[in-house]
Amino acid sequence: MKRFADSHIHMALSDPDRAQRLLDTIASIGVTDTAIQCIVSSPKAEIVYNLSALWWKSKYDKMRIKVFGSVHEFDVYADIPYDVQVEKLLSLGCDGIKFIHMKPNVRKALGKGLDHPSYDKMFELLEKRGTPVTIHSGDPENFWGTGEGQSADEVAKGWTYADGTYLSCEEHYRETLARLDKNPKLNVILAHMFFLSEYRERAEEILQKYPNVKLDLTPGWEMYIAFSKDTEGWHDFFEKYSERILFGTDSGNHKDNNAELNRLVYSAITHDSSEFPMPAFPDKVIRGLHLSDRAVENICYNNYIRYTGGETPVSVDMAGLRECAAQMLKDIGDMPDRQDSARWLEMFLEATK
């Protein structure tokens, strides 16, 4: 396949070498197009995430990069109306918008779901413009259990929801679908298969009811274990909806297994139904779905181009980006928890003057 798109990667603030290594790794294994999904909406998010992603988009030349920007919720820009934030992100060169709002720990901190009226004007704007939107809603079901089966990293990040202070998994679904009821023409991608890999019939019901909904294949590994339990059923599902499923890996510059994550997703949809060790998680065994060439090409490239606005990314407004960076540097001042961001802003302004 000459063209290959990874619709879902992350590039949190870190030293330039790690960011460069992430992009070079992805490009070296044949990815030609990718989308950086930004996160500034969670309590501990890096305030410069949108700006740093746009800078990499402007200067990296081995792949075409698109950026899904993120609205501010917990920092000095939280009071700016959401629709104004979105307009600014799109004017700077973002190709879409990412919402981490319905991840349980973020939803708990926000105290409101994406169906809240405060988001109405923003989603009306996104719907009218046809802007691609990625929504993370929920998490694997076992995260509401005892933590058994979770990695130490997942537990350390607080992704365990059994203490009674979090919404249920079902309530996350309800709020997300309520937003789609309000904005049925929203160009939306539900990340991680909407965590429905154990519920194929429900996934089909959602795709039938909401014709503008797409799903992405970004791991957790538990998704691929579930697919392996019903390879025939999922094979038919993927063939039927091959124009509404996108390849994604969740690769990031904080990970060391990005090439293996790519092989995991690709092998899961192309390998036959015999068992093989799961790439990136070799202690686990899965089976493939053995999809047709047509379905694989749709999932690995065509759908990304179709739903994100074509092959050519939106141009980055470098003058506007520098203006935002200079203002952000003033706004965060000497805040002790923002000094990594301040150093990045200083570096960026020096490098682009």
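Here the residue numbering is sequential within each chain, running from 1 through the sequence in written order. Residues qualify for local features only when their pLDDT is at least 70, as the model is predicted, and side-chain atom pairs are given and counted only at 80 or more; totals for whole chains, interfaces and linings, by contrast, use all residues. The side-chain figures draw on all heavy atoms in the structure; neither hydrogens nor water molecules are used.

Trainee: Quick question: what am I supposed to make of the overall build of the protein here?
Mentor: By the criteria applied, helices consist of DSSP H or I runs no shorter than four residues and strands consist of E runs no shorter than two, each listed in order from the N terminus. Within the protein one finds 14 helices and 11 strands. Here the C-alpha atoms of the protein give a radius of gyration of 19 Å, agreeing with the 20 Å that 2.2 N^0.38 yields for 353 residues. In terms of overall dimensions, the protein has a C-alpha envelope of 55 × 45 × 40 Å along the principal axes. By definition in these notes, contact holds between two residues if any of their heavy atoms fall within 4.5 Å. Across the protein, the fraction of contacts at a sequence separation of at least 24, relative to all contacts at a separation of at least 6, is 74%. To get the radius of gyration, use the C-alpha atoms; to get the globule rule, take the number of residues to the power 0.38 and multiply by 2.2 Å.

Trainee: Quick question: what am I supposed to make of the pairing of strand β11 (residues 281-287) here?
Mentor: Direction of pairing for strand β10 (residues 275-278) relative to β11: antiparallel, over a ladder of 4 bridges. Along β11, the bridge assignment pairs P277 with V285. Two strands are counted as paired when DSSP detects at least two bridges linking them. The hairpin turn running from β10 into β11, its antiparallel successor, is 2 residues long, and A280 in that turn takes a positive phi close to 80 degrees.

Trainee: Which parts of the structure should I look at to understand the nonpolar core?
Mentor: Across soluble globular proteins, nonpolar side chains show a tendency to be buried alongside one another. Counting 103 residues, the largest nonpolar core has F99, L217, Y224, F237 and F238 as its most contacted members. The dominant element in this core, judged by the number of residues it contributes, is helix α2 (residues 49-59), at 6 residues. Setting aside anything within four residues of it in sequence, one finds F238 in contact with M193, L217, F227, I245, I269, L289, L291 and I299. Among buried residues, the Ala, Val, Leu, Ile, Met, Phe, Trp, Tyr and Cys ones that are joined through side-chain atoms within 4.5 Å form a nonpolar core. Here the term buried applies to any residue with accessible area under 20% of the maximum for its type, exposed to any over 50%, and partly exposed to those in between, with areas from a 1.4 Å probe on protein chains only. Among the nonpolar cores identified, the runner-up in size contains 9 residues, and A35, I189, Y301 and Y307 belong to it.

Trainee: Any chance you could explain the sheet that holds strand β9 (residues 251-252) here in plain terms?
Mentor: Hydrogen bonds between backbone groups are what pair the strands of a sheet, and the pairing can be parallel or antiparallel. The 9 strands lie next to each other as β8-β7-β6-β5-β4-β3-β2-β1-β9, forming an open sheet whose pairing is parallel. A single partner strand is all that each edge strand has here, and the edge strands are β8 (245-246) and β9. Against the sheet, α2 engages β1 (5-10), β2 (33-37) and β3 (64-69), with an angle of about 165 degrees to β3. Each axis is a line fitted through C-alpha atoms, and for a helix only the stretch in contact is used; angles between axes span 0 to 180 degrees, taken between their N-to-C directions. Along the sheet, helix α7 (residues 169-182) contacts β4 (96-102), β5 (133-137), β6 (188-190) and β7 (213-216); its crossing angle with β5, the most-contacted strand, is approximately 160 degrees.

Trainee: Which parts of the structure should I look at to understand the packing of helix α13 (residues 318-332) against helix α14 (residues 339-351)?
Mentor: Packed helices, taken two at a time, are described by the angle their axes make and the gap between the axes. At their nearest, the axes of α13 and α14 sit 10 Å apart, and the two run at 145 degrees to each other. Where α13 crosses over α14, the two elements pack in a sense that is left-handed. For the pair formed by α13 and α14, the contact residues are M318, L321, R322, A325, A326, M328, L329 and I332 on the first element and S341, A342, L345, E346, F348 and L349 on the second. Polarity classes work like this: nonpolar for Ala, Val, Leu, Ile, Met, Phe, Trp, Tyr, Cys and Pro, charged for Asp, Glu, Lys and Arg, and polar for all others, with Gly in that last group. Tallied by class, residues from the contact of α13 with α14 come to 11 nonpolar, 1 polar and 2 charged. Here a crossing is taken to be left-handed if its near helix is turned anticlockwise relative to the far helix by less than a right angle, and right-handed if that turn runs clockwise.

Trainee: It is not clear to me how the side chain of T352 should be interpreted in this structure. Could you clarify?
Mentor: Within the fold, T352 resides in the segment after α14. When its relative accessible area of 19% is taken as the criterion, T352 is described as buried. Side-chain atoms alone can form a polar contact between residues adjacent in sequence; in general such a contact is a pair of N or O atoms within 3.5 Å, and within protein one must be able to donate a hydrogen while the other accepts it. Polar contacts involving the side chain of T352 include one to the side chain of R322, which spans 2.8 Å. Reaching out from T352, the side chain makes a polar contact with the backbone oxygen of F348 at a distance of 2.8 Å.

Trainee: Looking at this structure, I do not really get the pattern of salt bridges. What am I missing?
Mentor: Note on pairing: side chains with opposite charge can pair once their charged atoms come close. A pairing counts as a salt bridge when a side-chain nitrogen of Lys or Arg comes within 4 Å of a carboxyl oxygen of Asp or Glu. Here the structure, examined in full by the defined rule, presents 21 salt bridges. E297 is paired through a salt bridge with R3; the nearest N and O atoms lie 3.6 Å apart. Of this pair, E297 sits in helix α12 (residues 293-307) while R3 is found in the segment before β1, placing the two residues 294 residues apart along the sequence. Here R3 falls in the partly exposed class, since its relative accessible area comes to 35%. Residue R129 is joined to E87 by a salt bridge in which the shortest nitrogen-to-oxygen separation is 3.0 Å. With a gap of 42 residues between them, R129 in helix α5 (residues 120-129) and E87 in helix α3 (residues 82-92) connect regions that are remote in the sequence. Look at R129 and you get partly exposed, because its relative accessible area is 46%. Taken together, the shared-partner salt bridges in this structure form one network comprising R3, E297 and E311.

Trainee: Help me understand the side chain of Q85, please; the structure alone is not making it clear to me.
Mentor: Mapped onto the elements, Q85 comes out in helix α3. What makes Q85 buried here is its relative accessible area of 6%. Within the structure, the side chain of Q85 is placed 2.6 Å from the backbone nitrogen of H72, a separation counted as a polar contact. Setting aside its immediate chain neighbours within four residues, Q85 contacts V71, H72, Y77, A78 and I80.

Trainee: Sorry if this is basic, but what is going on with the packing of helix α11 (residues 258-270) against α12 here?
Mentor: For the pair α11 and α12, interaxial distance at closest approach is 10 Å and the crossing angle is 155 degrees. Between α11 and α12, the angle is such that the two are roughly antiparallel. Crossing angle aside, the handedness with which α11 passes α12 is right-handed. The residues of α12 that touch α11, namely those facing Y266, I269 and T270, are V296, I299 and C300. The residue makeup of the contact of α11 with α12, split by class, is 5 nonpolar, 1 polar and no charged. Note that the term roughly parallel is reserved for angles under 35 degrees, roughly antiparallel for angles over 145, roughly perpendicular for angles of 65 to 115, and oblique for everything else.

Trainee: Quick question: what am I supposed to make of the environment of F281 here?
Mentor: Tracing the chain through its elements places F281 in strand β11. Non-local contacts of F281, meaning those with residues more than four positions away in its chain, are made with W221, L261 and L264.

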